[in-house]
Amino acid sequence: MGRVDDKVALITGGASGIGRATAELMAREDAMVVLTDVQDEAGADVAATIADAGGMVAYHHHDVTDEAAWIKIIEEVRAEYGRLDILVNNAGISGASGVPVEEIALESWRGTMSVNLDGVFLGVKHGVAAMTEGGGSIINTSSILGFVCLPFTSAYSASKGGVRLLSKAVAMECAARGLKIRVNSVHPGFIDTPMVGGAIQKGGPERREAILSSQPTGEMGRPEDIAEGVLYLASDAAKFVTGSELVIDGGYLAR
Ligand SMILES: NC(=O)c1ccc[n+]([C@@H]2O[C@H](COP(=O)([O-])OP(=O)(O)OC[C@H]3O[C@@H](n4cnc5c(N)ncnc54)[C@H](O)[C@@H]3O)[C@@H](O)[C@H]2O)c1
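Throughout what follows, the structure given in this document is the object of discussion. (Residues numbered from 1 in each chain as written. Predicted model: local features only at pLDDT ≥ 70, side-chain atom pairs only at ≥ 80, totals over all residues. Heavy atoms only, no water.)

**Details of the packing of helix 1 (residues 17-28) against helix 2 (residues 40-52)**
- Across the interface, helix 1 lies against helix 2 with an axial gap of 10 Å and an inter-helix angle of 25 degrees. The angle between helix 1 and helix 2 places the two elements in the roughly parallel class. Considering only the axes of helix 1 and helix 2, their crossing is right-handed. Across the interface between the two elements, R20, A23, E24 and A27 from helix 1 touch V46, T49 and I50 from helix 2.
- Partitioned by chemical class, the residues of the contact of helix 1 with helix 2 number four nonpolar, one polar and two charged. (Axes fitted to C-alpha atoms, helices over the stretch in contact; angles between N-to-C directions. Helix = DSSP H or I, 4+ residues; strand = E, 2+ residues; numbered from the N terminus. Parallel < 35°, antiparallel > 145°, perpendicular 65-115°, else oblique. Left-handed = near helix turned anticlockwise from the far one by under 90°. Contact = heavy atoms within 4.5 Å. Nonpolar A, V, L, I, M, F, W, Y, C, P; charged D, E, K, R; others polar.)

**Regarding the site of the ligand**
- Around the ligand, 29 residues are found, and the nearest of them are S16, D37, N90, Y156 and T193.
- Within the contact set of the ligand, an oxygen atom lies 2.8 Å away from a backbone nitrogen or oxygen of I18.
- Between D37 and the ligand, the recorded distance is 2.6 Å, taken from a side-chain N or O atom to an oxygen atom.
- Burial of the ligand by the protein amounts to 92% of the accessible area it has alone, namely 820 Å².
- According to the grid-proximity analysis, the pocket containing the ligand is the largest pocket.
- At the level of secondary structure, the elements contributing two or more residues to the shell around the ligand comprise helix 1, helix 5 (154-176) and helix 6 (194-213).
- Counting residues per element, the shell around the ligand draws most heavily on helix 6, which supplies three residues.
- A per-class count over the shell around the ligand returns 14 nonpolar, 12 polar and three charged. (Near = heavy atom within 4 Å. Polar contact = N/O pair within 3.5 Å; in protein donor to acceptor, adjacent residues only side chain to side chain. Areas by Shrake-Rupley, 256 points an atom, 1.4 Å probe, with all protein chains shown as cover. 1 Å grid on protein atoms, 1.4 Å probe; cavity = no way out; pocket = protein on both sides within 12 Å on 5 of 7 lines; lining within 4 Å. Sits in = over half its atoms within 2 Å of the grid points.)

**Looking at the layout of surface pockets**
- There is about 1,200 Å³ of room inside the largest pocket.
- Lining the largest pocket we find 46 residues, and of these I93, S94, Y156, M195 and V196 sit closest to its centre.
- Elements with a minimum of two residues in the lining of the largest pocket: helix 1, helix 5 and helix 6.
- Split into classes, the residues belonging to the lining of the largest pocket amount to 20 nonpolar, 21 polar and five charged. (Points joined across faces, edges and corners; volume = space filled by probe spheres on them.)

**With respect to the packing of aromatic side chains**
- Under the criterion given, the structure shown has one aromatic pair.
- Over the ring of Y252 we find R255; its NZ or CZ atom is 4.6 Å from the centre of that ring. (Phe/Tyr/Trp six-rings, centres within 6.5 Å; stacked < 30°, edge-to-face > 60°. Lys NZ or Arg CZ within 6 Å of the ring centre and 35° of its normal.)

**Thoughts on the sheet that holds strand 6 (residues 181-188)**
- Taking strand neighbours across the sheet as the criterion, the seven strands line up as 3-2-1-4-5-6-7 in an open arrangement whose pairing is parallel. In this open sheet, the two edge strands, each paired with only one partner strand, are strand 3 (56-61) and strand 7 (245-248). On average, adjacent strands in this sheet sit at an angle of 20 degrees to one another, irrespective of strand direction.
- Each of strand 1 (8-12), strand 2 (32-37), strand 4 (86-89) and strand 6 is contacted by helix 1, which is oriented at about 170 degrees to strand 1, the strand it contacts most. (Pairing = 2+ DSSP bridges.)

**Remarks on the pattern of salt bridges**
- This structure, assessed with the given rule, holds 11 salt bridges.
- For E76, the salt bridge identified is with K72, shortest N-O distance 3.3 Å. With E76 and K72 both in helix 3 (residues 67-81), this residue pair falls four residues apart, about one helical turn.
- Looking at E76, the relative accessible area reads 29%, which means it is partly exposed.
- Note that E224 and R222 form a salt bridge whose closest N and O atoms lie 3.8 Å from each other.
- For R222, a relative accessible area of 43% puts it in the partly exposed group.
- Three or more residues are tied together by salt bridges with common partners; here these are R3, E29 and E228. (Salt bridge = Lys/Arg side-chain N within 4 Å of Asp/Glu carboxyl O. Buried < 20%, exposed > 50% of the residue type's maximum accessible area, 1.4 Å probe, protein only.)

Structural measurements only, silent on function.
Right under this line is the structure:
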């Protein structure tokens with residue numbers, strides 16, 4: 001029996017990187033996985049790979065910034081599978097990173113917030129409503145940049161700091177209301193995904209060197225390293241864990 005056997009999981013941004021690894025791991029651990037994204041071809045490919053390996057999976061188009069889309073996807077999940085047990089608010093963008101604050105257009109700031117913070121808020125809002133009766137686990141992807149900052153990441157860091165405290169606030173609210181809903185945040189360090197690949201491409205080999213030399217272990221993490229932490233928080237092994245911050249960063253924050 002898998003670690004999330006008999007649970008229904010919705011994972012946003014599941015077409016790539018950490019979301020993909022999380023969807024694959026949850027399916028291997030026997031969850032019914034509904035993965036969503038705006039990259040439909042890639043999302044459908046991930047679902048086909050999981051299904052070929054014997055996993056229970058469905059892919060749906062779902063833009064996390066769109067409240068009507070949240071209402072629709074959660075209704076569909078509940079109608080098809082009876083309930084929602086696990087929600088992983090993973091979708092995110094680097095957004096307005098790499099430029100000094102005075103050069104960030106308001107539109108670009110709002111675009112970053114819209115996916116990284118509004119998207120998580122909408123997930124939490126509709127996820128809690130869907131889990132009120134049966135309980136569940138909500139995992140929100142923040143970052144090490146929800147704790148500390150790097151130059152030229154003001155919008156991204158602000159969004160990830162927001163995710164960290166939004167998670168705690170809702171965890172406390174659920175506990176105070178007697179709801180069996182746990183809410184936690186995950187804080188990846190530098191993980192080798194297309195998001196970081198994009199930053200390296202922009203910055204060239206020096207950027208890659210700079211990232212690697214900033215790592216206590218000298219290497220970046222893998223998406224699977226984060227998926228393992230998300231799986232733990234989703235599973236009943238974490239039944240006493242709520243309002244917490246799971247840092248998975250190869251020691252980055254320990255210095
Ligand atoms: N890679 C890292 O080093 C790192 C570090 C800390 C935090 N994170 C966070 O982890 C999460 C996953 O990042 P990743 O590195 O796997 O990136 P990624 O780019 O590989 O995957 C992100 C996915 O989110 C999807 N997405 C973007 N906008 C969306 C929208 N509006 N609606 C639905 N889906 C949308 C993308 O299409 C993509 O498939 C993000 O929240 C990111 O901020 C990543």
